[in-house]
Amino acid sequence: MDDQYLDAFIRESEEEITKLNNSLLDLESDPSDQEAMDQIFRTAHTLKGNFGAMGFEAASNLAHAMEDLLDEMRQGEMEVTPDVMDLIFAGVDQIEVIVGEIESDGEPETDTDEMVTQLRAVLDDGVEAAAGSAATESGSSASSSNDQSSGSVDIDPDDVAIDLGDVADKVVHVEVDVGETDMPGVDAMFAMEGIEELFEILDSNPSRADIEDGDYDDTFGLFIDADDLGRVDAEMESVGKVETATVTDVTDKVQDDGAAGDAASTSGTDSDGESDHSVDEIKSVRVDVDQLDDLHGLVEQLVTSRIKLRRAVEQDDLDSAGETLNELDKITANLQNTVMDMRLIPLKKVVGKFPRMVRDLSRELGKEVDFEIEGEDIELDRTILTEISDPLMHIIRNSLDHGIEPPEEREQKGKPREGQVTLRASRERDHVIIQVVDDGAGLDVDAIKKKAIEKDVRSPEELETMDNSAIYDLVFHPGFSTADEVTDTSGRGVGMDVVHDTVTQLDGSVNVDSTPGEGTTVSLRLPVTMAIVKVLFVEVGDEEYGIPIKNVDEITRTEDMKKINDQQVIKHNDEIYPVIDLGEAFNVPGRATATDGGEGVELEEVEEAGDGMLVRIRESERQVALKCDSVNAQEEVVVKPLEGILSGTPGLSGTAVLGDGNIVHILDVVTL
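So, how was this worked out
Per-chain numbering applies: the sequence of each chain, read as written, is numbered from 1 onward. Two thresholds apply to this predicted model, a pLDDT of at least 70 for residue-level local features and 80 or more for giving and counting side-chain atom pairs, whereas whole-chain, interface and lining totals are computed over all residues. To get the side-chain values, take all heavy atoms of the structure and skip hydrogens and water. Here an angle of 0 to 180 degrees is reported between the N-to-C directions of two axes, which are lines fitted to C-alpha atoms, with helices fitted over the stretch in contact. A run of H or I in DSSP becomes a helix once it reaches four residues, and a run of E becomes a strand once it reaches two; helices and strands are each numbered from the N terminus. The handedness criterion is simple: a crossing whose near helix is rotated anticlockwise from the far helix by less than a right angle is left-handed, and one whose near helix is rotated clockwise is right-handed. In this analysis, two residues are considered to be in contact whenever any of their non-hydrogen atoms come within 4.5 Å of each other. Exposure classes here rest on a 1.4 Å probe applied to the protein chains alone. A residue is buried below 20% of its type maximum, exposed above 50%, and partly exposed in between. A pair of strands is labelled paired if DSSP reports no fewer than 2 bridges between them. Think of it this way: a Phe, Tyr or Trp ring, Trp meaning its six-membered ring, pairs with another when their centres are within 6.5 Å, and the plane angle makes it stacked under 30 degrees, edge-to-face over 60, tilted otherwise. What makes a nonpolar core is a set of buried Ala, Val, Leu, Ile, Met, Phe, Trp, Tyr and Cys residues whose side-chain atoms join them at distances within 4.5 Å. Convention used here: angles under 35 degrees read as roughly parallel, angles over 145 as roughly antiparallel, angles from 65 to 115 as roughly perpendicular, and any remaining angle as oblique. Residue classes follow a fixed rule: Ala, Val, Leu, Ile, Met, Phe, Trp, Tyr, Cys and Pro count as nonpolar, while Asp, Glu, Lys and Arg count as charged, and any other residue, Gly among them, counts as polar. Each salt bridge in this description consists of a side-chain nitrogen of Lys or Arg and a carboxyl oxygen of Asp or Glu lying within 4 Å of one another.

(A) Focus on the packing of helix H13 (residues 382-403) against helix H18 (residues 496-505). Packing of H13 against H18 brings their axes to within 9 Å, and their N-to-C directions diverge by 150 degrees. In this structure, H13 meets H18 at a crossing whose hand is left-handed. Along its contact with H13, which presents Glu387, Pro391, His394, Ile395 and Asn398, the element H18 presents Met496, Val499 and Thr502.

The following block contains the structure:
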């Protein structure tokens, strides 16, 4: 199978599964929501068709059974009950497992027979069968009056037996003639694809592989699931490559072979409600046609400028070469912006799975939660979006586990039984702010202080000088947790520090704000894109480092330095900024040395050997100044994060390769 088509199938299936989950949640909260019901039916129908078209019959049968059950609900023949919804959600989970297996192995391994049997049992016996359907292991049919619940079709010895456990309507046999053709296999394949857009093909005679190889006589036979013989006759006339088609109703020839229950004797992958709702790496993006046209136009300009530059160099025409280089600067800048825009993906690509996760966790915890998403169309770079999915998931889990109180407790506090959790995203220039807000119990300052002392994170004296905001931030310390007990939801206190580290590595920041008894807000501030950064180059001895321009507030000379308690500092707006000597921090060879100019607690002038420079960092990032030997130019560079054993090195966020081939380390001013 062509990897390109398989990848497109997997990506579309993932989107349809997310869409189906969220529509089911809408229906569960409001059973009268007809729009949600129609969307659910359409999505299930799409999944069924896609699985069938790709030849994954077991998954197609499962999607078909779900579609039939949903159709009963849509027609008002069956109530929307918690038991029925649980069964449908379990079916969705199994489909998600199958898609994962197809992506990893190329073929599904999960046996869907048991789930299909359960869905058919509910379809035949009604809502009351939903609760006990999972326990059904008997081979007896759930409804003995339904002639089509199971069996096989047997027209003549050449016909292929069909398991009709998933047939909702009539079994119709279509004898297809594609007429005179030099490519019988290709034309037959196109004919079948056209028919599949209209009907479900149950089987074929000869096999599908033989038909697509052209290994059949003048005609080939198809068994399809259809509700009306006349409609089949009429629709066949519109299918391309079909010259004539003879349509026959063979439902009456279906013979019950009593095999309905055999499918339930073995179970497939256990997926009923136990999906981890994890978000995989985003492997595809949708690109606007206008962006592709822009990209094509820029590449054309790039090629033209390259030719002009080569000619100017060959002719030793420096003026022309200079003009062409200026053109290239503009073209590459536009090219950079266009490509960056193409990498941007809406937040909903990641958060689309969260409503289902909240639904399952809140039921597991015995809590009632209304979850809302605002700003899901805000866009972020593909890499950033992939990296923050797990941190966001953990923050939401914490809100459910530790924040939102049980319904009875909320009522005692005068709150609504149903807690509120909101994921809110907004854009601020070149950053995106993502907040997870809950109206739960809030953080307990005293409990955090007590835990901080127990874990030896802070001393009692330090805690007394800290404001509440600083105390809340202690939850990001490794191993720090105020949970009274360990639960499957919250984990073992190893999550929030990972959240902090992940966001920091993405050049972002995270903080917590809370009001006891009213709720908690966790805010993530992230760059929209992170590949290209404008940096200020500084020299320290024989080394050169890059400091992101967005972190720099001011550049001054070392004459402004003072000394207090053996610590070099500078004063700005009545605030004291400690000085970090980059030469000492990185043990740089050939660095300029300095002589101390005094001691004591009073501010004193410091005498320096050489004309050193100070780079004062923005207070919002860190209240500190960096000492270097000299400051050089500013330049945009492509930053590559540190990998392997260098990953997580304090003070360094990555490296950049300059035009002359030299590698420069990019500083992380927060961890320096």
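(B) Structural detail: the pairing of strand E21 (residues 613-617). Within E21, five of the five residues are buried, which leaves it mostly tucked inside the rest of the structure. Of the two faces of E21, the one carrying Met613, Val615 and Ile617 and the one carrying Leu614 and Arg616 are both buried. Strand direction decides the pairing type here: strand E16 (residues 552-557) and E21, joined by five bridges, are antiparallel. Counterpart to Val552 in the pairing with E21 is Ile617. Across four bridges, the pairing between E21 and strand E22 (residues 625-628) is antiparallel. What sits directly across from Val615, in E22, is Leu626.

(C) The arrangement of the sheet that holds strand E12 (residues 509-515) in detail. On the basis of which strands lie adjacent, the open sheet formed by five strands has the order E8-E10-E11-E13-E12 and mixed pairing. Of all strands in the sheet, those bounded by a partner on one side alone are strand E8 (369-374) and E12. Strand-to-strand twist of the sheet, defined as the mean angle between neighbouring strand axes without regard to direction, takes the value 15 degrees. Where strand E10 (residues 419-428) lies against strand E11 (residues 431-438), eight bridges are found, and the strand directions are antiparallel. From the neighbouring strand, Val421 faces E11, where its bridge partner is Asp438. Here H13 sits on the sheet and contacts E8, E10, E11 and strand E13 (519-527); the angle it forms with E11, its principal contact strand, is near 20 degrees.

(D) How the structure looks around the packing of aromatic side chains. Following the criterion strictly, the structure yields four aromatic pairs and no others. For the ring pair Phe9 and Phe51, a centre distance of 5.5 Å and an interplane angle of 75 degrees mean the geometry is edge-to-face. Of this pair, Phe9 sits in helix H1 (residues 3-29) while Phe51 sits in helix H2 (residues 34-53); the two residues are 42 residues apart in sequence, bridging distant segments of the chain. Using a relative accessible area of 0% as the deciding quantity, one classes Phe51 as buried. Here Tyr216 and Phe220 contribute two aromatic rings whose centre-to-centre distance is 5.2 Å and whose plane-to-plane angle is 75 degrees, an arrangement assigned as edge-to-face.

(E) Broad picture of the environment of Met466. The topology assignment puts Met466 in the loop between helix H16 (460-465) and helix H17 (468-472). Excluding residues that lie within four positions of it along the chain, Met466 makes contacts with Arg458, Ile471 and Leu474.

(F) Representation of the nonpolar core. Ile388, Leu423 and Ile434 are the most contacted members of the largest nonpolar core, which has 50 residues in total. Top contributing element to this core by residue count: H13, with eight residues. When near neighbours in sequence (up to four residues on either side) are disregarded, Leu423 contacts Leu347, Val351, Phe354, Phe371, Glu372, Ile373, Glu374, Leu392, Ile396, Ile434, Gln435 and Val436.

(G) How the structure looks around unusual backbone geometry. The linkage connecting Asn205 with the following residue, Pro206, adopts the cis geometry, with an omega of 5 degrees. Among the secondary structure elements, Pro206 is positioned in the loop between strand E3 (200-205) and helix H7 (208-212). Despite not being glycine, Asp316 shows a phi value in the positive range, around 55 degrees. Taking the relative accessible area as the measure of exposure, Asp316 reaches 62% and is therefore exposed. Here Asn587, not a glycine, exhibits a phi torsion of approximately 50 degrees, which is positive. Overall, the relative accessible area of 66% leaves Asn587 in the exposed class.

(H) Structural detail: the packing of helix H12 (residues 354-365) against H13. Where H12 meets H13, the axes come as close as 10 Å, and the angle between the chain directions of the two elements is 30 degrees. The orientation of H12 relative to H13 falls into the category roughly parallel. In this structure, H12 crosses over H13, and the sense of that crossing is right-handed. Contact residues: Phe354, Met357, Val358, Leu361 and Leu365 in H12; Ser389, Leu392, Met393, Ile396, Arg397, Leu400 and Asp401 in H13. Split into classes, the residues belonging to the contact of H12 with H13 amount to nine nonpolar, one polar and two charged.

(I) Broad picture of the pattern of salt bridges. One pass over the full model with this rule turns up 30 salt bridges. Across the salt bridge formed by Arg363 and Asp86, the nearest N and O atoms sit 2.9 Å from each other. With Arg363 in helix H12 and Asp86 in helix H4 (residues 82-105), this pair connects stretches of sequence that are 277 residues apart. Owing to a relative accessible area of 43%, Arg363 belongs among the partly exposed residues under this scheme. Judged by its relative accessible area of 29%, Asp86 falls in the partly exposed class. Three or more residues are tied together by salt bridges with common partners; here these are Glu28, Asp86, Asp93, Arg356, Arg359, Asp360 and Arg363.

(J) Broad picture of the sheet that holds strand E4 (residues 220-226). The four strands are arranged E3-E4-E2-E5 in an open sheet whose pairing can be described as antiparallel. In the strand order of this sheet, the two ends are held by E3 and strand E5 (244-249), each with one partner. Within the sheet, the average angular offset between the axes of one strand and its neighbour, ignoring direction, is 25 degrees. Pairing between E3 and E4: five bridges, direction antiparallel. For Asn205, the partnering residue across the bridge sits in E4 and is Gly221. Contacting strand E2 (170-177), E3 and E4, helix H6 (residues 184-196) runs over the sheet at an angle of about 10 degrees to E4.

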